[in-house]
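Descriptive analysis of the structure
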Amino acid sequence: MTCTVVDFAKDAVVYTIAGTTKEELDNKLNLFFTSEGFSRKSDTGAEKIFQRGNKITRILFGVFVKYFQVAVSIKAEGQAFSLHLRRDMNFFLSGGLAGIGASRKEFTRISDAFKVYFNN
């Protein structure tokens, strides 16, 4: 399985993953996010949303409560898959200005760990 970065921005990274099947990819995605402390919030087949923390307590107490959400979109492209990993949080859920920096830092950490995990 090979994983290469195709495009990146502050809140999104696009990977191309080759040498795997859809079932293996889904399995590895679930294993990766579980190992990082995330639980699967929704799974529509083409898009999966993983979250860590509690959304309600984040809304009530702001930046003092850990909460992070990542959306993963999967598209088949011939023998490979295109994975769009994005930070799925708005200004309010990020915890305002103080939480945006921490949220972007966490997204960078997750996207780097993602590439390492999928290249091993």
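Residues numbered from 1 in each chain as written. Predicted model: local features only at pLDDT ≥ 70, side-chain atom pairs only at ≥ 80, totals over all residues. Heavy atoms only, no water.

Let's talk about the nonpolar core
In summary, soluble globular proteins display a tendency toward joint burial of nonpolar side chains. Heads up, the rule is: We call a set of buried Ala, Val, Leu, Ile, Met, Phe, Trp, Tyr and Cys residues a nonpolar core when their side-chain atoms join them within 4.5 Å. Per-residue accessibility, obtained with a 1.4 Å probe over protein chains only, is compared with the maximum for each type, and a residue is labelled buried under 20%, exposed over 50%, and partly exposed between these values. In this description a helix means any DSSP run of H or I spanning at least four residues, a strand means any run of E spanning at least two, and both kinds are numbered starting from the N terminus. Any pair of residues with heavy atoms lying within 4.5 Å of one another is described as a contacting pair.
Ranked by size, the top nonpolar core spans 23 residues in total, and within it Leu29, Phe33, Val72, Leu83 and Phe114 carry the most contacts. Only strand 2 (12-18), helix 1 (22-35), strand 5 (67-77), strand 6 (80-87) and helix 4 (96-119) provide two or more residues apiece to this core. The element best represented in this core is strand 5, accounting for five residues. Those residues in contact with Val72 that sit more than four places away from it in its chain are Leu29, Phe33, Ala46, Glu47, Lys48, Phe50, Leu83, His84 and Leu85.

A few points about the pattern of salt bridges
Note the following rule: Here a salt bridge means any side-chain nitrogen of Lys or Arg lying within 4 Å of a carboxyl oxygen belonging to Asp or Glu.
The full count for this structure, using the stated rule, is eleven salt bridges. With its nearest N and O atoms 2.9 Å apart, the salt bridge here joins Asp43 to Lys48. For Asp43, a relative accessible area of 39% gives the class partly exposed. For Lys48, a relative accessible area of 2% gives the class buried. With its nearest N and O atoms 2.2 Å apart, the salt bridge here joins Glu106 to Arg52. Placement of the pair is Glu106 in helix 4 and Arg52 in strand 4 (residues 47-53), with a sequence separation of 54 residues. Looking at Arg52, the relative accessible area reads 25%, which means it is partly exposed. Taken together, the salt bridges that share partners define one network made up of Lys22, Asp26, Arg40, Asp43 and Lys48.

A few points about the sheet that holds strand 5
Our working rule: Note on pairing: DSSP must find at least two bridges between two strands before they are called paired. Each axis is a line fitted through C-alpha atoms, and for a helix only the stretch in contact is used; angles between axes span 0 to 180 degrees, taken between their N-to-C directions.
With antiparallel pairing, six strands are arranged side by side in an open sheet as 1-2-6-5-4-3. With partners counted over all chains shown, the strands left at the sheet margins are strand 1 (2-8) and strand 3 (39-43), one partner each. In this sheet, neighbouring strand axes are inclined to one another by 25 degrees on average, regardless of whether the strands run parallel or antiparallel. By the bridge criterion, four bridges tie strand 3 to strand 4 in an arrangement that is antiparallel. Looking at the pairing, Ser42 lines up with Ile49 of strand 4. Contacting strand 2, strand 3, strand 4, strand 5 and strand 6, helix 1 runs over the sheet at an angle of about 165 degrees to strand 5.

Observations regarding the pairing of strand 4
Between the end of strand 3 and the start of strand 4, which pair antiparallel, lie three residues, with Gly45 showing a positive phi angle near 95 degrees. Pairing geometry for strand 4 and strand 5, over seven bridges, is antiparallel. For Gln51, the partnering residue across the bridge sits in strand 5 and is Gln69.

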